[in-house]
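Structural overview
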Amino acid sequence: MFLKQFERGRTFVAKLDYQADLLEELNKICQHEYIKAGYIQVIGAISSLKYGFFDQDEKEYTYNTYAYDESMEIVSCSGNVSVKDGKPFCHMHIVASDKKGKCVGGHLVAGTSIYAAEVVIQEILGEDLVRELDETTKLTLWK
Ligand code: ZN
């Protein structure tokens, strides 16, 4: 098990720009403010969605299989911030619904276009929280 104690740091609130890329904007904020650890919540709407699924047998992500291109609500989008390759990195998951309420979701990747997005980022302060390749899962996990 991995267990570390942190304390609350700064709290940020952001309204992201229309048609910007959701994941890229979150990474930009965390890198600009040098948020090395934290958690993020996003609600709003998107005009396109791209997300990944990690195949545990193949040990790789598939991305384009689940690409959508329509108006959707962000039902939930949450994740965390840690350090990967020496810089702040957002690991986000998203659930989005279509106009009938049907939801899809997974690992958020670049390629999701914002219609409107309200973000809260809570920084946490403590030891370094760093991602490295985990040989068992082949994911970059906290070390
Ligand atoms: Zn993920």
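See the structure printed just above.
The text that follows walks through the structure, step by step, so that each part is easy to find. Quick caveat: nothing in here was measured; it's all calculated off a predicted structure.

**Overview of the pairing of strand S9 (residues 130-133)**
Relative to S9, strand S5 (residues 72-84) is paired through 2 bridges, and the arrangement is parallel. Along S9, the bridge assignment pairs Lys 84 with Arg 131. In this structure, S9 lies alongside strand S10 (residues 140-142), joined through 3 bridges in antiparallel fashion. What sits directly across from Glu 132, in S10, is Leu 141. The turn joining S9 and S10, which pair antiparallel and follow one another in sequence, is formed by 6 residues; a positive phi near 65° is taken by Lys 138.

**A word on the coordination of the zinc ion**
Tetrahedral coordination by four donors sets the ideal angle at the metal to 109.5 degrees; octahedral coordination by six donors sets it to 90 or 180 degrees. The protein atoms donating to the zinc ion are His 91 (NE2), His 93 (NE2) and His 107 (ND1), with metal-donor distances spanning 2.0 to 2.1 Å. A relative accessible area of 14% means that His 107 is categorised as buried.

**Describing the state of the cysteines**
A complete count under the given rule lists 0 disulfides for this structure. This cysteine, Cys 30, is not joined by any disulfide, and Cys 90 carries the nearest cysteine sulfur, 3.6 Å off. On the basis of relative accessible area, Cys 90 is assigned to the buried category, the value being 3%.

**Let's talk about helix H1 (residues 22-32)**
Every buried residue of H1 is listed here: Leu 22, Leu 23, Glu 25, Leu 26, Asn 27, Ile 29 and Cys 30. The inward-facing, buried residues of H1 contact strand S1 (7-16), strand S2 (38-48), S5, strand S6 (87-97), strand S7 (103-108) and strand S8 (113-125). For H1, the side-chain oxygen to backbone nitrogen distance between the N-cap and Leu 23 is 3.2 Å, and the N-cap itself is Asp 21.

**Topic: the nonpolar core**
With 29 residues, the main nonpolar core has Leu 16, Leu 22, Leu 26, Ile 40, Val 42, Met 92 and Ile 94 as its most contacted residues. Looking at this core, the elements with two or more residues in it are S1, H1, S2, S5, S6, S7 and S8. The element best represented in this core is H1, accounting for 5 residues.

**Here's the deal with the packing of aromatic side chains**
This model, assessed by the stated rule, comprises 4 aromatic pairs. Summarising the aromatic geometry, the rings of Phe 2 and Trp 142 are spaced 5.9 Å apart at their centres and angled 35° between planes, so their arrangement reads as tilted. Of this pair, Phe 2 sits in the segment before S1 while Trp 142 sits in strand S10; the two residues are 140 residues apart in sequence, bridging distant segments of the chain. Judged by relative accessible area, which is 34%, Phe 2 ranks as partly exposed. Between Tyr 18 and Tyr 115, the ring centres sit 5.6 Å apart and the planes meet at 75°, which makes this aromatic pair edge-to-face. On the criterion of sequence distance, the pair formed by Tyr 18 in the loop between S1 and H1 and Tyr 115 in strand S8 is long-range, its members being 97 residues apart. The class of Tyr 18 is exposed, set by a relative accessible area of 52%. The lysine or arginine in question, Lys 84, covers the ring of Phe 89, its NZ or CZ lying 4.5 Å from the ring centre.

About the criteria used
- Residues numbered from 1 in each chain as written.
- Predicted model: local features only at pLDDT ≥ 70, side-chain atom pairs only at ≥ 80, totals over all residues.
- Heavy atoms only, no water.
- Pairing = 2+ DSSP bridges.
- Helix = DSSP H or I, 4+ residues; strand = E, 2+ residues; numbered from the N terminus.
- Donors = N, O, S within 2.8 Å, 3.2 Å for Na, K, Ca; no water.
- Buried < 20%, exposed > 50% of the residue type's maximum accessible area, 1.4 Å probe, protein only.
- Disulfide = S-S within 2.5 Å.
- Contact = heavy atoms within 4.5 Å.
- Polar contact = N/O pair within 3.5 Å; in protein donor to acceptor, adjacent residues only side chain to side chain.
- Core = buried A, V, L, I, M, F, W, Y, C linked by side-chain atoms within 4.5 Å.
- Phe/Tyr/Trp six-rings, centres within 6.5 Å; stacked < 30°, edge-to-face > 60°.
- Lys NZ or Arg CZ within 6 Å of the ring centre and 35° of its normal.

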